[in-house]
Structure formats: structure tokens, C-alpha cells
Amino acid sequence: MSHWSAEMVVHRRKTRKLRVGQVEVGGDSLISVQSMTKTDTEDVAATLRQIHRLHNAGCEIVRVAVPTLSAVKAFEKIVTSSPIPVEADTHFSTGIALAAVEAGAHSVRINPGNTRNRKGLKEVAVCARERGIPIRVGVNSGSVGGFRGDLARALARTALDCAQLLERAGLREIMISVKASDVAETVRAYRIVASSCDYPLHLGVTATGAGTTGLVKSAIGIGSLLLDGIGDTIRVSLTGDPVREVEAGREILRSLNLRSFGPEIISCPTCGRCEVDLLKVVTRVQKELRGFTHNVKVAVMGCIVNGPGEAKEADIGVAFGRGVAYIFRGGRKLRKVSPDSAVSELLKEIPKPRRSSPREPLSFIRGKE
Ligand code: SF4
């Protein structure tokens, strides 16, 4: 495998390592993918169903809103039954944050933009330290006030001041996020924080929108920072099904060669030289490879003239000619097959241990990288 690797050029920022439940964040640990439930927290069954869907999609940490003290009871049940670590999302009230920590949260997010009770914040820090859990200082552009002009600096300063207060209360396990809905401001805010401390950073762009708009904003913001070596855990925020957030998060990490999640399919955009209904072939290959665990790069190319050359970084591939297909490896033809048997011939070249349970992908990934 001769892939260009981000690890060869990205020097990851040195951060202190901490744990959110069984997931390590920071230091040399893998960059984790997280998401947030969108159900009513007090509907425990619906929230747990969504957490299981997220877990099956590859989510490693899930955040759950704890909007009121009365939601803490439901939150406690969710934490007890969740297959992945749960971060309590709290705003405004240190009383709720404290109750969430006591209810067993694996991490708690506080927003110093709207939670200014310093005595209360210190109490949360002391309680988190006693329970051995981290606090995420999560600032976003909607909640910082009293700044003149420079949003990125205001976000960074608000987060760093709060982190300092928590650290003075004896807590070392601190993560920071500084999200704006503007991509450039978000990137700038994270760069300021990154140059000022060694806390692990949770990356994200907030309120990005739905569909393509949200995906593009998140990919640019999170991707730019990751290429700078900044970022220890990521959350793509999208309006809609949170499973899409996890899929997008994993794709961002995979695109930068920072994580591997089983087979990766690359395919050409097609052009006037294309000899086949390529989308149909790609869809079939995707379906057939579902459940495969090997980190193999598979190319599906529309013509034999340029296909193998354009996909020479692929481990294995197929390219189509008129009434013929070629299986190739590393840009060189292996054999000629009929277009109808092309997909099955391609699959013969890929080792196939299959996942036996939805929990397996995480351990596979962790063991493999
Ligand atoms: Fe066009 Fe062939 Fe390139 Fe696909 S591989 S885009 S069909 S030239």
C-alpha cells in the first residue's frame, strides 16, 4: 500500500490525554467521532434507540442534552444502558451540570458563555475530579457576549479563562471547543486556543445547516484544522439524522488518512469515455463490501484507457472497456473478465472476514491502527 499518508506530513499537536468512559481523547489516541442525540432526553427509550443507531454507525462518544433538573433522572438511565460513553450537555446552570456528573456522566459539557457562576463552576470541577471524569468547556458564537469585533478571540478567551478556573479548582481533565457558524472564524478560534494550551480539542462548526451546505462547511472547518495537526475528537453538526453526522465525521478522518474504517471505494466521475453505467456498478460494490473489515482501497473506473492509471494508488480495482472489464492492482492489469462478472471477480481479490456484531467495528479499528 503506497498511499499518501496524512501522518507523514501532519504533526499532531501535543495534548494531554484523558478518558471519556473507555474512549481515550488527546495525546497519541485516535481522533474519535462523536455525535449528539436529537430526541427528547426524557424519552429514555427513544434516546437509547438513537444511541444504538449511532453506535452501529461508528459513533464513539455521544452527547445528550440535559436541559432541566427533571431530565437528570432520565439521563441517569441513559448513561447506565448506553453502549458508548455519554457526555451531558448543560447550559446556564451549574446545578444541572453537578447533578449530571453525580448521575454518572462520562463527561460534562459546560458553556461558559452562558454559565457564569464561578463558585458553581468550581464545585462542578471538584465533583468531576472526584469522579474522574473530564469537563468540556464548549463555547459557541451564539453565547459569547461583550466582545468588540473579534469573535474568534472572544471565543478563545472565554474558553481559556474558564479552563483556567477549572484547573485552579484542581481539575486537569479538560477539553475545549470553540465553535462559530462561520467557518473561517471557527478555524481562527481553534488556532488561537491550540497555540495557548495543551488541552485536547473537540472540533466542530456550529449551526452549519442541512445537507450539502452543512457537510461542506464542516468538512472545510474540521479538515483545515486536522491538517494543521489540531483536533482530538470531532463532531459534525448537521440538521437532520445524526447518523449522517457520524458517517461524515468518519469520511473526513478517512479522507485525511487519519483513521481507517474498512474498505474505501474510489470511483471516477465518468466522462465521454465511460463504457458502463458506473453508478450502478459502484452501488453494487458498496453493497457487496458492507461488513468487510479490511482497510483496502478499491477503485471502480469507467474506462480502460485512463482508469487504471488514474487509480494507481488503489490496492485493487476494475476498469471497463467496450464489452470487457479488467481487474487491476496498483495500476497494472491482472486479468480480463466479462463486464457481467466484473464485480464478482473484483470481490475475489478482497479478503473477507466479516463483522459478527455491531460492537466489533470499534475494537477492530482500534486494534488495527
Ligand atoms: Fe473518463 Fe475514464 Fe477518467 Fe472515468 S477513468 S473519468 S471514464 S477518462
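Residues numbered from 1 in each chain as written. Predicted model: local features only at pLDDT ≥ 70, side-chain atom pairs only at ≥ 80, totals over all residues. Heavy atoms only, no water.

Caption draft 1: Spotlight on the domain arrangement of the protein. As far as domains go, the protein holds domain 1 (18-255) and domain 2 (264-348). The C-alpha-based centres of domain 1 and domain 2 are spaced at 40 Å. (Domains from an automatic or database assignment.)

Caption draft 2: Fine view of the pattern of salt bridges. Within the structure shown, the criterion is met by 29 salt bridges. In this structure, the salt-bridge partner of E87 is R136, at a minimum N-O distance of 3.0 Å. Taken together, the residues span a long stretch of sequence, with E87 in strand β5 (residues 86-89) and R136 in strand β7 (residues 135-140) at a distance of 49 residues. A relative accessible area of 1% means that E87 is categorised as buried. On the basis of relative accessible area, R136 is assigned to the buried category, the value being 1%. For the salt bridge of E349 with R335, the shortest nitrogen-to-oxygen distance reads 2.8 Å. With E349 in the loop between α12 (342-348) and α13 (360-368) and R335 in strand β15 (residues 332-337), the pair connects residues that are 14 residues apart, well separated along the chain. Residue classification places E349 among the partly exposed positions, given a relative accessible area of 22%. (Salt bridge = Lys/Arg side-chain N within 4 Å of Asp/Glu carboxyl O. Helix = DSSP H or I, 4+ residues; strand = E, 2+ residues; numbered from the N terminus. Buried < 20%, exposed > 50% of the residue type's maximum accessible area, 1.4 Å probe, protein only.)

Caption draft 3: Looking closely at the site of the ligand. The environment of the ligand is made up of C268, P269, T270, C271, R273, C274, G302, C303, N306, G307 and E310. A class-by-class count of the residues in the shell around the ligand yields 5 nonpolar, 4 polar and 2 charged. (Near = heavy atom within 4 Å. Nonpolar A, V, L, I, M, F, W, Y, C, P; charged D, E, K, R; others polar.)

Caption draft 4: The arrangement of the sheet that holds strand β3 (residues 32-36) in detail. With parallel pairing, 8 strands are arranged side by side in an open sheet as β8-β7-β6-β5-β4-β3-β10-β9. With one partner strand each, in any of the chains shown, β8 (174-179) and β9 (202-203) form the two edges of the open sheet. Relative to strand β10 (residues 233-235), β9 is paired through 2 bridges, and the arrangement is parallel. The residue bridging H202 from the neighbouring strand is T233, located in β10. Most of the contacts of helix α3 (residues 72-81) go to β5, to which it runs at about 165°, and overall it touches β4 (61-65) and β5. Against the sheet, helix α6 (residues 151-168) contacts β6 (107-110), β7 and β8, and its axis sits at roughly 165° relative to β8. (Pairing = 2+ DSSP bridges. Contact = heavy atoms within 4.5 Å. Axes fitted to C-alpha atoms, helices over the stretch in contact; angles between N-to-C directions.)

Caption draft 5: Local environment of helix α8 (residues 211-227). The end-to-end C-alpha distance of α8 is 24 Å, a good match for the 24 Å that 17 residues give at a rise of 1.5 Å each. Within α8 the residues assigned to the buried category are G214, S218, G221, I222, G223, L225 and L226. Summarising the contacts, the buried residues of α8 are in contact with α7 (183-194), β9, β10 and α9 (242-255). (Expected span 1.5 Å × (residues − 1).)

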